[in-house]
Amino acid sequence: MERIFVTGIGTEIGKTVAAAILTEALQADYWKPVQAGDVEGSDTETVKQLISNTVSRFHPEAYKLKAPLSPHDAAQREHTQIELKNIQAPKTENPLIIEGAGGLMVPLNDTDLILDLIHHLDAKVVLVSQNYLGSINHTLMSCEILKARNIEVKGIIFNGDPYPQGEEIILKHSGYKRLLHIQHEQVVDKTTVKRYAKELLKNSATLRSDVPSPGMVTDLARKDKQFVWHPYTQMQTADLAIPIVRGEKAMLYDDKGKRYIDAISSWWVNLHGHSHPHIAQRVSKQLSTLEHVIFAGFTHPPAVELASRLLDVLPDGQEKVFYSDNGSTAVEVALKMAIQFWANTGKPRNKIIAFKNSYHGDTFGAMSVSERGAFTQPFHPLLFETVFIDTPVPGKEEETLAQFQDALDKHQIAAFIYEPLVLGTAGMVMYEPEVLDKLLAICLKNGIIAIADEVMTGFGRTGKHFASDYCVHKPDVICLSKGLTGGTMAMGVTTCSSKIYDAFLSDDKKKTFFHGHSYTANPLGCAAALASLDLVSSGETQQRIERIGEAHKTFMEEIRLHPLVANLRLRGTILAFEISTDSGTSYFNSIRDRAYRFFIEKGILIRPLGNVIYLLPPYCIETEQLNTIYSEIKAFLNQLQSDA
Ligand SMILES: *Cc1c(COP(=O)(O)O)cnc(C)c1O
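Residues numbered from 1 in each chain as written. Predicted model: local features only at pLDDT ≥ 70, side-chain atom pairs only at ≥ 80, totals over all residues. Heavy atoms only, no water.

**Q** Describe empty space enclosed by the protein, and please don't skip the residues or the numbers.
**A** This structure, assessed with the given rule, holds 2 cavities of 30 Å³ or more. Of the pockets and cavities examined, the largest cavity occupies roughly 70 Å³. If you go around the largest cavity, you meet 13 residues; those closest to its centre are Asn131, Ser135, Phe158, Tyr163 and Glu167. When residues of the lining of the largest cavity are traced back to their parent elements, those giving at least two are β7 (124-130), α5 (135-148), β8 (153-159) and α6 (164-174). Take the lining of the largest cavity: its biggest share by element is 3 residues, from α6. Split into classes, the residues belonging to the lining of the largest cavity amount to 4 nonpolar, 7 polar and 2 charged. (1 Å grid on protein atoms, 1.4 Å probe; cavity = no way out; pocket = protein on both sides within 12 Å on 5 of 7 lines; lining within 4 Å. Points joined across faces, edges and corners; volume = space filled by probe spheres on them. Helix = DSSP H or I, 4+ residues; strand = E, 2+ residues; numbered from the N terminus. Nonpolar A, V, L, I, M, F, W, Y, C, P; charged D, E, K, R; others polar.)

As structure tokens, then:
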């Protein structure tokens, strides 16, 4: 939940009263991390006396110092040092009002100021200003330093005798909003605080936006049912959709304030956590610079920068970037490139090899090269013929290689499309790089275009930047989406080697690649992807990816011998196993619904594929959150076992 740090332009200017009003208005928790001057009772005690609602909780101070001095002095008197690492925000589902000590530049120790504490706590600011001679100067200086430090300001609460001209000057120069005008001497009881709280909410809708109003819950879910059709959902029997109103890091919040750990990265798209500030900032900047422009005959900076940075990190041999809208379109583009490659070279070939239980998307071309099953059944008469071979899971490698060779003997094969190392939708089915290398070697020898569908596996998911990085031989074409924008917005990319690209260069207009989408290379998507790439490339993300893999490994050993656990497997950040049942592995397996509901109730988003339970978390997930997930999985397994 949101953290609001209440600070002032000096001391004794009504911060505590302002904090009490905010606490009451937002039904927030209150916390004063550093209390100096604890002889006549703490600020926490004062605020407690002023709050009427029953939701707010009051968290203990991190430092409680006796002397009514600047914190660093007060600490020195007691022969101690204030350290930021000892000041950790309390865990709460409510918004948190944090009251500072003194102004922004007040030192906490030899190196840190209150400003550093605000950064450390990742909080937004409400500034309290008071009307006195010199207060315009003090207020505007506070505003400038907040801007310089890139701290988001919710607005200003003015205190004292009204001085409208002064307030206007401050608002005009700072650009911040006035939240409220108070006279803090008058605030002595709960009634006045309640009145101010009401006025505050009326003045400032933005303050309120994060606070779900009671009753909105059912309303939103019901309206959803009335107006919306959801993906992969039998609307007649489905539970009401859970309204999510906010996301932060690996956590999603519904409209009742219930939290869910997103253990599957919201359908495999999220890499760095929800609403990541770096991505938000870059997209928001792009939004007010250039939201979109036609991409035929025109280009723009984020598209060029993204293409060049992608080619830097992609496996060797990729030379050109073609933009589209999502994973399915990235696959369509790849298939069309491959087929037209052969048409353009005057030796048409039109058969494609794919793995039998693969998934490449939901559009017709993508469906045609995906598993023929319940999802695609109504469309079978319209899907083009594909040569399917078995997935070379451990122990079956030779059979797949033989089937591949057989397909070459029987058909004019244009391309081979595959999910490298992990078949996601099939149920996180995994196979080894060695056999993929053998298949790629055959492609190379026979001029078959190898299309790596890295829509799910890209950007660190499998432990390396791309799953293709595990192999010696590289694909001709690569499809990307999902994590491309860090999970922020829809965007697809198909990259190819110069061999492919060059086959479309001609004086003959008919050799043009006639494919494009209205939103090709949307600048906002490119900006999100660039921001995500910054994060993916950081050493910290690499460490996080490794840490998740290590944690998964330890957990695997814990459940390996459980009688209901079968086929445990791991690749990078993806862990999967099957729950042994009589009814086999099927999407419609009833274990699936039971597991899904069990975990949702525990505040964990896990969406089993049939009887396959898998974890595919955002890289920012905390060890503590992983441990919660692991222990709930164990609880579920034990519950199943005791029922059996
Ligand atoms: C999800 C997925 C797709 C389809 O992507 P969409 O953006 O959902 O259309 C294609 N290939 C693979 C491997 C996928 O996991």
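Here the narrative resumes, following the displayed structure.
**Q** Give a description of the environment of glutamine 49 that names residues and reports values.
**A** If you trace the backbone, glutamine 49 turns up in helix α2 (residues 43-50). For glutamine 49, a relative accessible area of 53% puts it in the exposed group. The spacing of glutamine 49 and leucine 96 is 47 residues in sequence and 18 Å in space, taken between C-alpha atoms. (Buried < 20%, exposed > 50% of the residue type's maximum accessible area, 1.4 Å probe, protein only.)

**Q** I'd like a description of the sheet that holds strand β9 (residues 178-182), backed by residues and values.
**A** The strand order across the open sheet built from 7 strands is β4-β2-β6-β1-β7-β8-β9, with neighbouring strands paired in parallel fashion. The two strands at the open ends of the sheet, each matched to only one other strand, are β4 (58-59) and β9. Note: strand β2 (residues 29-31) against β4, 2 bridges, orientation parallel. Bridged to tyrosine 30 within β4 is phenylalanine 58. Across the sheet, α6 touches β7, β8 and β9, and the angle it forms with β8 is around 165°. (Pairing = 2+ DSSP bridges. Contact = heavy atoms within 4.5 Å. Axes fitted to C-alpha atoms, helices over the stretch in contact; angles between N-to-C directions.)

**Q** How would you explain the pairing of strand β1 (residues 3-8) if you had to name every residue and give the values?
**A** As a general feature of sheets, a regular strand has side chains that alternate between the two faces. Burial analysis of β1 places 5 of its 6 residues in the buried class, which makes it a mostly covered element. When β1 meets strand β6 (residues 96-99), the two strands line up parallel, connected through 4 bridges. Opposite isoleucine 4, over in β6, you have isoleucine 97 as the bridge partner. Sheet analysis places β1 next to β7, joined by 5 bridges and oriented parallel. The partner of valine 6 across the bridge, within β7, is valine 126.

**Q** Which residues make up the site of the ligand, and what values do they have?
**A** Every residue near the ligand is listed here: Trp268, Asn326, Gly327, Ser328, Tyr359, His360, Gly361, Glu419, Asp453, Val455, Met456 and Lys482. At a separation of 3.4 Å, an oxygen atom of the ligand approaches a polar side-chain atom of asparagine 326. In the environment of the ligand, an oxygen atom lies 2.6 Å from a nitrogen or oxygen atom belonging to the side chain of lysine 482. Residue composition of the shell around the ligand, by class: 4 nonpolar, 5 polar and 3 charged. (Near = heavy atom within 4 Å. Polar contact = N/O pair within 3.5 Å; in protein donor to acceptor, adjacent residues only side chain to side chain.)

**Q** Account for the side chain of threonine 376, naming residues and giving values.
**A** By secondary structure assignment, the location of threonine 376 is in the loop between α14 (364-368) and β15 (387-389). Under the relative-accessibility criterion, threonine 376 is labelled buried at 5%. A distance of 2.8 Å separates a polar atom in the side chain of threonine 376 from a polar atom in the side chain of histidine 380. Excluding residues within four positions of it along the chain, threonine 376 makes contact with Met367, Glu371 and Leu383.

**Q** So what's going on with the domain arrangement of the protein chain? Residues and values would help.
**A** We note that the domain assignment places domain 1 (3-203), domain 2 (215-275 + 538-644) and domain 3 (319-522) within the protein chain. Taking the mean C-alpha position of each, domain 1 and domain 3 sit 56 Å from one another. (Domains from an automatic or database assignment.)

**Q** Quick one: what's the story with the nonpolar core, residue by residue and with numbers?
**A** Ranked by size, the top nonpolar core spans 98 residues in total, and within it Tyr323, Phe416, Met428 and Ile633 carry the most contacts. With 7 residues, helix α21 (residues 623-643) is the largest single contributor of residues to this core. Summarising the domain contributions, this core has at least three residues from each of domain 2 (215-275 + 538-644) and domain 3 (319-522). If we skip the residues at most four places from it in the chain, phenylalanine 416 touches Ile353, Phe355, Phe404, Leu436, Leu439, Cys443, Ile448, Ile449, Ala450 and Ile451. (Core = buried A, V, L, I, M, F, W, Y, C linked by side-chain atoms within 4.5 Å.)

**Q** Go over the UniProt feature "binding site: Mg(2+)" (unreviewed entry) in the protein chain, please, and point to the residues and values.
**A** UniProt feature "binding site: Mg(2+)" (unreviewed entry): in the numbering of this structure it lies at Thr16, Asp43 and Glu99. Despite a sequence span of 84 residues, these residues sit close together in the fold, their greatest C-alpha distance being 8.8 Å. Tracing the chain through its elements places threonine 16 in helix α1 (residues 15-26). Taking the relative accessible area as the measure of exposure, threonine 16 reaches 15% and is therefore buried. If we ignore the near neighbours within four places in the chain, the residues touching threonine 16 are Asp43, Thr46, Val47 and Glu99. When residues no more than four places from it in sequence are discounted, the contact partners of aspartate 43 are Thr16, Tyr30, Lys32, Gln35 and Glu99. Looking at aspartate 43, its side chain comes within polar contact range of the side chain of lysine 32, at 2.7 Å. (UniProt positions renumbered as here; feature names shortened; annotations may be inferred.)

**Q** Please provide a residue-by-residue account of the state of the cysteines, values included.
**A** Taken as a whole and assessed by the stated rule, the structure comprises 0 disulfides. This cysteine, cysteine 479, is not joined by any disulfide, and cysteine 496 carries the nearest cysteine sulfur, 11 Å off. For cysteine 479, a relative accessible area of 0% gives the class buried. For cysteine 526, which is in no disulfide, the shortest distance to another cysteine sulfur is to cysteine 496 and amounts to 17 Å. (Disulfide = S-S within 2.5 Å.)

**Q** Mind laying out the packing of helix α11 (residues 277-287) against helix α18 (residues 523-536), listing which residues take part and the relevant values?
**A** Packing of α11 against α18 leaves a shortest axis separation of 8 Å and a crossing angle of 150°. Taken together, the axis directions place α11 and α18 in an arrangement best described as roughly antiparallel. Two packed elements cross with a definite hand, and for α11 against α18 that hand is right-handed. Only Pro523, Leu524, Ala527, Ala528, Leu530, Ala531, Ser532, Asp534 and Leu535 of α18 make contact with α11, whose side of the interface consists of His278, Ile279, Arg282, Val283, Gln286 and Leu287. Residue composition of the contact of α11 with α18, by class: 10 nonpolar, 3 polar and 2 charged. (Parallel < 35°, antiparallel > 145°, perpendicular 65-115°, else oblique. Left-handed = near helix turned anticlockwise from the far one by under 90°.)

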